[in-house]
Amino acid sequence: MSLPRSLLSLIASLAAVSAPAMAVDIPAAVEATAKREINAATLAAPIRYLASDALEGRGPATRGDTLARLYLATELESLGFQPAGPNKSWQQEFDVVGTKAQLPQAWSFTTKSGPVDLKLGDDYIAGSGVQTNSAGFDNADLVFVGYGIEAPEYKWNDFKGIDVKGKVLVMLNNDPDWDDKLFAGKTRLYYGRWTYKYESAARHGAAGVIIVHTTPSAGYPWQVVRSSWGGEQFELPAEGEPRIQMKGWGTEDAVRRLLKAGGFDLDKLVASAKTRGFKPVSLGIKTSIHFDNKVSRVRTGNVAGILPGSDPKLKDEVVIYSAHHDHFGIGAPDAKGDTIYNGAEDNASGCAQLLAMARAFVALPERPRRSILMLFVAGEEQGLLGSKYYSLHPTIPAGKIAANINYDGGNFQGRTRDMTQVGMGKSSLDAIAKALVERQGRTLVPDQFPDKGYFYRSDQFSFAKIGVPALYFDGGTDFIGKPAGWGRKEKEEWTEHVYHQPSDQIDDTWVFDGMIEDASIGFFAGWLVAQADAMPTWNPGDEFEAARKAALTAN
């Protein structure tokens, strides 16, 4: 009997934690270069510029986006990297379609107890699912479909063959997380991501979706949903794939009130969804909604620079470092009236770490054997658009990409005794990560917030889908000089009040010693991969192993 991939991954993750570290040899010259080039100044300066009000939040296809891309390209050029975009350019530009839904202030539903209205912003938020000037549906039935998941490998099907064409589906966020024998237990898989929910509904011909928001199931409060979905939404141009008319979210209280008016108890419906035998429930509630969209087709782009390797046989293979350069631009004001979503930690800090590592690679006395590609991707906040586009149109064949090392955020609060590897247990990169972290006298730990599904929320996921083994580091939570639990509490507070808000700004409270250590580990990891005779591999049975085999076969 074969074991589920989630169980294999859990076993591998536990093995990675307990396994002895591999021996790594970092030459003194490489160590000294990292210490010289990755420092507070080389990290702080790019963050201050990229997160300044002058760049207006770096929204896709805006003035700030253009300036950010120009800045990153010129920085790479000044360091001595070579252009790695199409036709020897610095940028891989591509079209995106922006839609700004003109939603009604009240969304009306008909129930057996009478009409119920949900208030825009307070009760519901939504975006258009289609790239047309108008969207909507008439007299659509609401159907509760549990988690909205079809996963044959886990013997799970929330649809059971029920026809939901033209209906509005009420879905729970996350995936089954109450039993380690179901899916991956507390570790969220792609099945638990909101992107999967909308894709699943579209495959079934649904008209729309209402995802029931709770802070635990989303991993962030309602305010994050509201700010993230309140502005213009961007996608890659549609190519004939199935689509729903409206991508909606509802607060738990609003959905509870709506279902109660229809004669249903949300808690009982949730309980019923926690079994493989669950069947969709027609709620006897109907709704109509129509809204106009402001639609634009504009261009953004990834920035790519390459440092050619020194080995004649291996220089055609690359280690790709990635960090997204976008944020949310100008949006709704916060309580202080600030409308610029600066994105200092998310993700000017990731861009700064890549630039610092680029400096270090250029300053090495000898180039690495494999080439090093620095890739600053667009549109991550809109659904990994830039990395998805790159994965569909890679400038380097997937089978020639040795590994991806992704930075999404940075530690600005001090040194930690630990460092987090999101996706631990998935590839041979674990051994490198563990050895490097232990060289700093620290402990490598798996994702400390596995319920949030971070591996499927940042750009390394796009590379993994085409088979590229990926490292995604996150900061630790065991801060030196702070009481136990302080770091975890700070992370949760930051997510509650700063994440995707105008308050994500650099200030004089930032300290860089922890970020320096974290970036140095990423630099050494890439150097080791670039020097190795063989490329990294996915662990046997991993969900991305088959894609890697296909990519290598295509070489």
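Each remark here, short or long, concerns the structure printed above.
Here the structure is a predicted model, which is why all the values come from computation and not from measurement.

Reading the values: rules and limits
- Residues numbered from 1 in each chain as written.
- Predicted model: local features only at pLDDT ≥ 70, side-chain atom pairs only at ≥ 80, totals over all residues.
- Heavy atoms only, no water.
- Buried < 20%, exposed > 50% of the residue type's maximum accessible area, 1.4 Å probe, protein only.
- Helix = DSSP H or I, 4+ residues; strand = E, 2+ residues; numbered from the N terminus.
- Expected span 1.5 Å × (residues − 1).
- 1 Å grid on protein atoms, 1.4 Å probe; cavity = no way out; pocket = protein on both sides within 12 Å on 5 of 7 lines; lining within 4 Å.
- Points joined across faces, edges and corners; volume = space filled by probe spheres on them.
- Nonpolar A, V, L, I, M, F, W, Y, C, P; charged D, E, K, R; others polar.
- Core = buried A, V, L, I, M, F, W, Y, C linked by side-chain atoms within 4.5 Å.
- Contact = heavy atoms within 4.5 Å.
- Phe/Tyr/Trp six-rings, centres within 6.5 Å; stacked < 30°, edge-to-face > 60°.
- Lys NZ or Arg CZ within 6 Å of the ring centre and 35° of its normal.
- Salt bridge = Lys/Arg side-chain N within 4 Å of Asp/Glu carboxyl O.
- Pairing = 2+ DSSP bridges.
- Axes fitted to C-alpha atoms, helices over the stretch in contact; angles between N-to-C directions.
- Parallel < 35°, antiparallel > 145°, perpendicular 65-115°, else oblique.
- Left-handed = near helix turned anticlockwise from the far one by under 90°.

**Thoughts on helix α12 (residues 429–439)**
Within α12, 8 of the 11 residues are buried, which leaves it mostly tucked inside the rest of the structure. Here α12 has its buried residues at Leu429, Asp430, Ile432, Ala433, Lys434, Ala435, Leu436 and Val437. Positioned one or two residues after α12, glycine 441 has a phi angle of 75 degrees, which is positive.

**Considerations on helix α10 (residues 344–363)**
For the α-helix, the turn length of 3.6 residues means that residues three or four positions removed from each other point alike. Taking 1.5 Å of rise per residue, 20 residues should cover 28 Å, and α10 covers 27 Å from first to last C-alpha, within 8% of that figure. Taken across its 20 residues, α10 has 17 buried, putting it largely inside the fold.

**Things to note about empty space enclosed by the protein**
Evaluated as defined, the whole model comprises 1 cavity of 30 Å³ or more. As for the largest cavity, its lining consists of 26 residues, of which Gly410, Asn411, Asp474, Gly475 and Lys491 are closest to the centre. Secondary-structure elements contributing two or more residues to the lining of the largest cavity are α10, β19 (418–422), β21 (470–474), α14 (486–497) and α15 (513–531). Here the lining of the largest cavity gets 4 residues from one element, more than from any other, and that element is α14. Partitioning the lining of the largest cavity into residue classes produces 8 nonpolar, 11 polar and 7 charged.

**Focus: the nonpolar core**
Judged by nonpolar contacts, the single largest core of 150 residues is most densely connected at Leu169, Trp249, Met374 and Phe523. Sort the elements by how many residues they give to this core and α10 lands first, with 11 residues. Ignoring sequence-local partners within four residues, the contact set of leucine 169 consists of Val143, Val145, Phe159, Val164, Ala201, Ala206, Gly208, Val209 and Ile210.

**Things to note about the environment of phenylalanine 544**
Assignment of secondary structure puts phenylalanine 544 in the loop between α15 and α16 (545–553). Take phenylalanine 544: its relative accessible area is 6%, and that puts it in the buried class. Taking the C-alpha atoms as reference points, phenylalanine 544 and serine 349, separated by 195 residues in sequence, lie 28 Å from one another. When sequence neighbours within four positions are dropped, the list of residues in contact with phenylalanine 544 reads Lys426, Phe455, Tyr456, Phe461, Ala464, Lys465, Gly467 and Trp538.

**Here we look at the packing of aromatic side chains**
For the structure on display, the rule yields 33 aromatic pairs. Relative to tryptophan 486, the ring of phenylalanine 479 has its centre 5.1 Å away and its plane inclined at 80 degrees; by these criteria the two rings are edge-to-face. Residue class for tryptophan 486 comes out partly exposed when judged on its relative accessible area of 22%. With a centroid separation of 5.2 Å and 45 degrees between ring planes, the pair formed by tryptophan 538 and phenylalanine 544 is classed as tilted. Take tryptophan 538: its relative accessible area is 5%, and that puts it in the buried class. Lysine 482 extends its terminal NZ or CZ atom over the ring of tryptophan 486, reaching a point 4.8 Å from the ring centre.

**Observations regarding the pattern of salt bridges**
Summed over all chains, the structure comprises 32 salt bridges. Taking the shortest distance from any N to any O, the salt bridge between lysine 426 and glutamate 543 comes out at 2.9 Å. With lysine 426 in the loop between β19 and α12 and glutamate 543 in the loop between α15 and α16, this pair connects stretches of sequence that are 117 residues apart. For glutamate 492, the salt bridge identified is with arginine 488, shortest N-O distance 3.8 Å. Here arginine 488 and glutamate 492 lie together in helix α14, a separation of 4 residues that amounts to about one turn. Each of Asp65, Arg69, Glu93, Asp95, Arg297 and Arg299 takes part in salt bridges that share partners, so that together they form one network.

**Some details on the pairing of strand β18 (residues 401–406)**
Within β18, 6 of the 6 residues are buried, which leaves it mostly tucked inside the rest of the structure. Relative to β21, β18 is paired through 3 bridges, and the arrangement is parallel. The partner of asparagine 404 across the bridge, within β21, is alanine 470.

**Brief notes about the packing of helix α3 (residues 40–50) against helix α4 (residues 63–79)**
In the contact formed by α3 and α4, the axes pass within 11 Å of each other and the chain directions differ by 155 degrees. As the angle between them shows, α3 and α4 are arranged roughly antiparallel. Where α3 crosses over α4, the two elements pack in a sense that is right-handed. The residues of α4 that touch α3, namely those facing Pro46, Tyr49 and Leu50, are Leu67, Ala68, Tyr71 and Leu72.

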